[in-house]
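What the coordinates show
The chain contents come next:
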Amino acid sequence: MEGRRLTVLQMLPALEGGGVEQGTLEIGRALVRAGHRSIVISAGGRMVNQLEADGSEHHTWPVSKSSLLRPLAWVWRLRELLRSEHVDILHVRSRHPAWLAWLAWRGMSPNQRPVYVTTAHGLYSPGWYSAVMARGERVIAISETVRSHLLTQFARAVRDERIQVIFRGVNPENFHPQFTPSAAWLADWRARYPQLVDRPVITLPGRLTRLKGHHAFLNVIASLRREIPDVQGLIVGGAHPRKQAYAAEIRQSAAQLGLDNVHFTGHRSDLREILSVSNVVLSLTSNPPEAFGRTVLEALSLGRPVVGYEHAGPGEVLRTLFPSGGVAADDTDAVCNRTLDFLRGPVPDIAPNRQFTEQQMCAQTLDLYRRAA
């Protein structure tokens with residue numbers, strides 16, 4: 001461990017699943033391994049057990065926008081926690097917890113308060129509410145796209161020298177082209193989805209929200225089916241309770257298009273395995289686009305070709321690792337044609353992933369903490 005032992009407190013709405021949550025676990029694990037103290041505040045969720053097993057401490061507070069009551073009382077409580085636990089770094093990853101953290105931090109004496117760090121995980125809409133993510137003493141942007149967005153939309157709140165781009169990453173030990181699911185997993189998968197066996201599978205990963213491009217995916221599968229009758233579409237991701245109407249809408253659209261070859265898995269914790277047995281993975285997030293595109297990186301790291309809109313975060317990953325997979329945003333005809341090219345082969349080479357790794361992300365983040373503290 002370099003320097004003194006740090007106490008780092010990360011805050012986010014919940015730990016149910018997703019890229020923000022996964023990054024929180026990875027940084028917590030890296031802190032503990034480096035001999036530091038890791039604390040996380042969230043409203044809880046299915047990932048808390050893993051967080052604590054990795055050595056982090058978790059405080060279950062109602063810090064999501066929908067659940068918080070009497071917010072000023074929680075500001076006072078957070079301020080007391082920062083003092084009593086001698087927190088060195090206060091790192092926030094979402095807007096509503098960031099406002100609680102900002103108000104608590106601002107009310108502390110400058111010689112007592114921790115360093116205030118924010119990570120901008122998204123392309124936030126302009127305005128005062130989102131501007132809090134640009135007010136960190138250090139601001140982490142998860143892609144060059146996010147950095148440019150911050151400087152363009154929140155120029156009054158942030159200066160260029162306070163922003164550091166730290167790309168999200170995957171662990172090459174877990175995501176590599178030679179990865180093969182276990183025999184038990186394969187047997188269970190084939191029993192659950194016999195329709196997919198020995199047929200070309202096109203996968204769209206991501207939670208069931210309007211942002212992920214599910215309608216475009218259905219149109220692509222309908223077009224592909226005219227060329228390859230046995231093609232199968234796979235939508236991997238669950239729906240938040242507030243998104244059940246949208247989930248029903250997508251299923252109804254698939255039925256209206258006669259797409260009995262589109263399958264919905266719901267939430268899965270084995271996305272790596274699913275991506276590895278897919279023939280082509282699609283990335284169709286359009287408006288607003290994705291800030292990074294973790295599933296694009298995961299699929300490419302597994303050696304699976306990806307066809308996606310070549311803009312924003314996914315475009316950065318595609319241009320670096322697999323330029324052949326990029327198409328213009330919203331051009332579903334190009335998506336279909338490129339997918340057909342990859343299904344019929346040969347598939348162009350995917351570059352080795354040396355830039356977007358979990359090890360680099362954690363090392364750069366911990367280095368930022370040490371320099372800031």
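You'll find the structure just up there.
These remarks concern the structure in this document. Just so it is clear, the structure is predicted and the values come from calculations on it, not from any experiment. (Residues numbered from 1 in each chain as written. Predicted model: local features only at pLDDT ≥ 70, side-chain atom pairs only at ≥ 80, totals over all residues. Heavy atoms only, no water.)

1. Some words on the sheet that holds strand β5 (residues 115-120)
Strand order in the open sheet formed by seven strands is β3-β2-β1-β4-β5-β6-β7, with parallel pairing between adjacent strands. Of all the strands in the sheet, just β3 (57-60) and β7 (163-165) have a single pairing partner and so form its edges. For this sheet, the mean inter-axis angle between neighbouring strands, taken without regard to orientation, is 20°. (Pairing = 2+ DSSP bridges. Helix = DSSP H or I, 4+ residues; strand = E, 2+ residues; numbered from the N terminus. Axes fitted to C-alpha atoms, helices over the stretch in contact; angles between N-to-C directions.)

2. Things to note about the environment of Thr-365
Following the sequence through the fold, Thr-365 ends up in helix α14 (residues 358-372). Here the alpha-carbon distance between Thr-365 and Val-165, two residues 200 residues apart in the chain, equals 9.9 Å.

3. Quick word on the sheet that holds strand β9 (residues 232-236)
The sheet built from six strands is open, its strands ordered β10-β9-β8-β11-β12-β13 with parallel pairing. On the outer flanks of this sheet lie β10 (262-266) and β13 (326-327), each paired with one strand and no other. Across two bridges, the pairing between strand β8 (residues 201-205) and strand β11 (residues 280-283) is parallel. Note that in β11 the partner of Ile-202 across the bridge is Val-280. Here helix α11 (residues 294-301) sits on the sheet and contacts β8, β11 and β12 (306-309); the angle it forms with β12, its principal contact strand, is near 155°. Seen against the sheet, helix α12 (residues 312-321) touches β11, β12 and β13 and runs at an angle of roughly 135° to β12. (Contact = heavy atoms within 4.5 Å.)

4. Quick word on the pairing of strand β2 (residues 37-42)
Within β2, six of the six residues are buried, which leaves it mostly tucked inside the rest of the structure. Burial along β2 is two-sided: the face carrying Arg-37, Ile-39 and Ile-41 and the face carrying Ser-38, Val-40 and Ser-42 are both buried. Alignment of strand β1 (residues 7-11) against β2, held across five bridges, turns out to be parallel. Considered in β2, the bridge of Leu-9 is made with Ile-39. Read from β1 through helix α1 (residues 19-33) to β2, the crossover connection turns out right-handed. (Buried < 20%, exposed > 50% of the residue type's maximum accessible area, 1.4 Å probe, protein only. Right-handed = clockwise from strand over helix to strand, strands pointing away.)

5. With respect to the pairing of β11
Consecutive side chains of a regular strand alternate in pointing toward one face of the sheet and then the other. Residue alternation in β11 divides its side chains into two sets, Val-280 and Leu-282 and Val-281 and Ser-283, and both sets are buried. Relative to β12, β11 runs parallel, the two being bridged by three bridges. Bridge pairing in β12 links Val-281 to Val-306. In this fold, β11 hands off to α11, which returns the chain to β12; that crossover is right-handed.

6. Some details on the pattern of salt bridges
Applying the stated criterion to the full structure yields 19 salt bridges. Residue Asp-54 pairs with Arg-29 through a salt bridge whose shortest N-O separation is 3.1 Å. Of this pair, Asp-54 sits in the loop between α2 (48-53) and β3 while Arg-29 sits in helix α1; the two residues are 25 residues apart in sequence, bridging distant segments of the chain. Each member of the pair, Asp-54 together with Arg-29, is buried. Overlapping salt bridges, with partners in common, bring together Glu-26, Arg-294 and Glu-298 in one network. (Salt bridge = Lys/Arg side-chain N within 4 Å of Asp/Glu carboxyl O.)

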